[in-house]
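Residue-level structural notes
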Amino acid sequence: MKIKNSPASCAVALFAVLFTVFFMIYIASYEEEGEFTQMGDSEFYVTPQGKIYALIPSGGKFELKGARADKFRVLASGGYRGRNVGADESAVYCGNLAMIGLDPTRARAIGNGYLTDGRVSYFCSDVGERNYELGGISEAVQTAAYALLGADKPQSYIYKIKRVSGVNLTPILGFGFAAGGASKGGKFSENSDADDKKGVQDGAQIGGDKGGKKAYFEGEELEGADADGLRYVRDARGQTSDFYVTDGRNVYFKNSRLAVKFTAGLHEAAYFSGVRYLLEPASGVVYADGNEFAPEFAPYSLPFGVFGAHAYHLLFRGKDGIYFWESKNDGESGELKRTAADPFTNEISPLAGSVFVSDAQAYFVQSREIWSRGKSGKRLSSRRTELFRLKTSEQWRKIGLVRNGVYGAVYANGDKIYYFDALGTQQGIGASVYEIADVAAIEALTRPYDPSGQNISGADIRKMIKEERLVAAQGELVFEAVTYYESGETYLFWGVAAFALLAGVVSLALGAIKRAKWLKIKKK
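Residues numbered from 1 in each chain as written. Predicted model: local features only at pLDDT ≥ 70, side-chain atom pairs only at ≥ 80, totals over all residues. Heavy atoms only, no water.

1. Structural notes on the pairing of strand 20 (residues 250-253)
Both faces of strand 20 are covered, namely the face carrying Asn250 and Tyr252 and the face carrying Val251 and Phe253. For strand 19 (residues 240-246) and strand 20, the ladder comprises three bridges, and the chain directions are antiparallel. Across the sheet, tyrosine 244 pairs through a bridge with phenylalanine 253, a residue of strand 20. In the sheet, strand 20 pairs with strand 21 (residues 256-261) via three bridges, with the strands oriented antiparallel. The residue of strand 21 that forms the bridge with asparagine 250 is lysine 261. Between strand 20 and strand 21, which pair antiparallel one after the other, the connecting turn spans two residues, and lysine 254 there sits at a positive phi close to 55°. (Buried < 20%, exposed > 50% of the residue type's maximum accessible area, 1.4 Å probe, protein only. Helix = DSSP H or I, 4+ residues; strand = E, 2+ residues; numbered from the N terminus. Pairing = 2+ DSSP bridges.)

2. Section: the sheet that holds strand 25 (residues 291-292)
Across the sheet, four strands lie side by side as 22-23-24-25; this open sheet has antiparallel pairing. In this open sheet, the two edge strands, each paired with only one partner strand, are strand 22 (267-272) and strand 25.

3. Here's the deal with the environment of aspartate 41
Here aspartate 41 lies in the loop between strand 2 (37-38) and strand 3 (44-46). For aspartate 41, a relative accessible area of 52% gives the class exposed. Remark: the alpha-carbon pair of aspartate 41 and valine 74, spanning 33 residues in sequence, is separated by 9.7 Å.

4. Overview of the pairing of strand 29 (residues 349-352)
Sheet topology places strand 29 next to strand 30 (residues 355-358); three bridges connect them, and they run antiparallel. Opposite alanine 352, over in strand 30, you have valine 355 as the bridge partner. Where strand 29 folds back on strand 30, the antiparallel hairpin that results is connected by two residues, among which glycine 353 adopts a positive phi of roughly 60°.

5. Considerations on the side chain of aspartate 421
Tracing the chain through its elements places aspartate 421 in strand 35 (residues 416-421). Lacking a salt bridge, the buried aspartate 421 has arginine 462 as its closest oppositely charged neighbour, with an N-O distance of 8.4 Å. Among the polar contacts listed, one links the side chain of aspartate 421 to the side chain of tyrosine 419, at a separation of 2.6 Å. Setting aside residues no more than four positions away along its own chain, aspartate 421 makes contact with His310, Tyr407, Gly408, Ile429, Ala431 and Ser432. (Lys, Arg positive; Asp, Glu negative; His and termini not counted. Salt bridge = Lys/Arg side-chain N within 4 Å of Asp/Glu carboxyl O. Polar contact = N/O pair within 3.5 Å; in protein donor to acceptor, adjacent residues only side chain to side chain. Contact = heavy atoms within 4.5 Å.)

6. Notes on helix 5 (residues 458-466)
All buried positions along helix 5 are accounted for by Gly458, Ile461 and Met464. Each buried residue of helix 5 lies within a common arc of 120° when the element is viewed along its axis, so the set occupies one face. Looking at helix 5, the residues exposed on the side facing more than 90 degrees away from the buried face are Lys463 and Lys466. Lining the buried residues of helix 5 we find strand 33 (397-402), strand 35, helix 4 (440-446) and strand 37 (470-472). Following helix 5 by one or two positions, glutamate 468 adopts a phi angle in the positive range, close to 65°. (Arc of directions from axis to C-beta.)

7. Quick look at the pattern of salt bridges
Evaluated as defined, the whole model comprises 19 salt bridges. The salt bridge partner of arginine 68 is glutamate 89, with a shortest N-O separation of 3.0 Å. On the criterion of sequence distance, the pair formed by arginine 68 in the loop between strand 5 (60-63) and strand 6 (73-74) and glutamate 89 in the loop between strand 7 (85-87) and strand 8 (92-94) is long-range, its members being 21 residues apart. Bridged by salt links that share partners, the residues Arg68, Asp70 and Glu89 form one connected network.

That's the geometry; what it means functionally is another story.
Structure below.
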């Protein structure tokens, strides 16, 4: 997949970025720490003039218009979360945004980001996020108006707020989740796995008809969910997912109900490059952050592992091909890509690390980046995840683990001995499989781990590679998954224009700062 950006979009982005720089330079003269006093350990600040400001991560401080410092209080129930909720006599605020309709005299925090006054309820996130509704051009215009004309500061970042349709809410599970009515709060049998299996065998939903309580995530109702049965989906290691939940029948990703139904085998299969993958192994259905893989190519499986030590793409085996999910820039959507026809006829079994065996032949996964140099300088051209066939003659023999398997393993095949790496490219190990050229390295690699002694390190392994005691294995390329990146040559003009515009912007910013300081002195 080629990542493209049009010149027009680059111009808009450039305009927005430069004015953001202008904005940051300008407000630096105002947002000095000495002019604000933090209210306890909250995210609210008061000025000597009695104004209240809310700090929003990445966005800075925003004024609570009309809020009175002498009447303002923080509604946090203690701890880190909830420090961005406060109230005065006229309104309740999530950051600097008023939650309309919420009575400040009766409002209280009930947990998991929810507040209520008994009649009206709201969800208030404690994580600042980009305000995409503002738009790049609008943000630039508002920033210029704020800096030059004294208009309101643009709301580039916000705390998400959502009015909830239900009342009598009870917090369940973790942050963002709540139940409507007198929910039991998501309490389940200690033997949840046994309950899951029994529910599937009996054809009954677990908790599905026990209470009929509505469930909410970040203020939005989970369609068809029963709060009494709601719980997190688990991953392959038994750990709970952060965003996939089930009530024993329906399955949800954040606020979205998925088409797949809950089974005992359903689990979060991987968290790879910021994407969470859900797998139902019986049907081979897969989701990437709630986006279903094309059903016509199901069933899908993950024969090449889920760890990215030597991979830029998570490879799936599906009908008639090998596939991977390519996320888009917004982080919420993407596209299923077919990288090659399926070269295997039988099962694929893991050996160790990035090495696999099928039909008595060995394969290994490896990644690399392609960089090119042009008029605009060095740039990333593509990222590739490649599958190689390794020529072998006999059965594999395990020699030992490297630092208890955390760093990798050593295997032999015929008269050759290999190091299978688990550290990855991020640790400066460029290949996934190395042939050991120095037999002395075998003992160093497989020496038992000593908690109180000196053990082999990543630096030691990199040194062995540099000294060619470990030599990258050569194999026959079977297929590769590729993400291409657009050439920067066409944007050389925009770079030159950006420099010229930036110089003008900085000059304008410095002039504005001088005028602002002069006005401050004049007022005093």
